[in-house]
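Geometric and topological summary
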Amino acid sequence: MGKRRILVIDDNTVNLATIEQALKSKYEVIPMISGRRAIKFLYCEKVDLILLDVQMPVMNGIETLYEIRKMEHGTTVPAIFLTAVKDKETVIAGTKLGIMDYITKPFDDIELLNRIDMVFKKLGVLPIEDGELLESLKSVLQYITLGKAKPAVVKVDEILRYQIDDEIAGRVRNVRNKIEENELTGAGNMTLRIIRMLEKKLGLDAKSVGLEISNRELCVKLLYILDDIENYNTKSALERCHELKKYKLFEKILLNINLISELLIRYDDEEAEKLIRKMVDELNKV
């Protein structure tokens, strides 16, 4: 298979030459000095990605992409905007046109390559690294913990487009199903398990990362959370739950802290109190 083709549109010849030099070892670069020339090219040729400058004379990047989206070879091709200023209008216009990323000038070669690679990873064209997948799953867990089901589903759908292990993909689909069924506790617990799987694979499991904490210290911190709840200070209680995640904790405790956070977000103080008291009792018996 040959190199993937990237159509670069910029009215500045120096920029075109610089970008071509940065990408040519990995991609086939097709430079175009104007939007009109790019449109003519796409009437008979296909590309894998379009990289285009927003601020161009005669026909700017937004106008160019608008015309490209009407064409047979341009309807679904992924595109990235290069822009000196990422303002609200550019973002709104780009969203309507299906822009996958915005790269703000000036940028270096490594950043440009990484951002292009990430677009291809999101499309499932390139495999994603375990570390990148781990960070994406942490974002899902954060959304779930905050009770934000919609962005969690969007992030899960993005992950499912990646080239990932079948076992992990199956578990991620399970997370999505639980979110759709409003089982956020189960979704959070399953996401945390996948995160632990990847951390273990990367040698970052709970035994090797995080600060040390004794059972006694953990009990004290849990009692502080309990005190916040009893005084209706939910915000402080949530912050303390988040703070606990920096310590080395057993998976069951991490799952319970995740559940406590979710209960507090739903203002289910009574259930959160019961769970904390149960955890304190169990820790005191050890």
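Residues numbered from 1 in each chain as written. Predicted model: local features only at pLDDT ≥ 70, side-chain atom pairs only at ≥ 80, totals over all residues. Heavy atoms only, no water.

**What about the overall build of the protein chain?**
Across its full length, the protein chain carries 13 helices and 5 strands. For a compact globule of 286 residues, the expected C-alpha radius of gyration is about 19 Å, and the protein chain comes in at 24 Å, more than 25% above that figure. When its C-alpha atoms are laid out on the principal axes, the protein chain stretches across 75 × 35 × 35 Å. Considering the protein chain as a whole, with its 286 residues, one finds that 44% of them fall into the buried category. Long-range contacts, defined here as pairs at least 24 residues apart, represent 60% of the contacts in the protein chain between residues at least 6 apart. (Helix = DSSP H or I, 4+ residues; strand = E, 2+ residues; numbered from the N terminus. Rg over C-alpha atoms; globule rule 2.2 N^0.38 Å. Buried < 20%, exposed > 50% of the residue type's maximum accessible area, 1.4 Å probe, protein only. Contact = heavy atoms within 4.5 Å.)

**Here we look at the nonpolar core**
Of all hydrophobic cores here, the largest spans 50 residues; its most connected members are Leu-133, Val-175, Ile-179 and Leu-222. Counting residues per element, the ones that place at least two in this core are α6 (130-145), α7 (149-160), α8 (166-180), α9 (184-201), α10 (215-230), α11 (234-244), α12 (251-265) and α13 (269-285). For Ile-179, the residues in contact, after removing those within four places along its chain, are Ile-144, Ala-149, Ala-152, Val-153, Val-156, Leu-184 and Ala-187. (Core = buried A, V, L, I, M, F, W, Y, C linked by side-chain atoms within 4.5 Å.)

**Some words on the environment of Glu-273**
Residue placement: Glu-273 occurs in helix α13. The exposure class assigned to Glu-273 is partly exposed, which follows from its relative accessible area of 22%. Residues Glu-273 and Ile-116, spaced 157 residues apart in sequence, show a C-alpha to C-alpha distance of 47 Å. In contact with Glu-273, other than residues within four places in its own chain, are Leu-226, Ile-229 and Glu-230.

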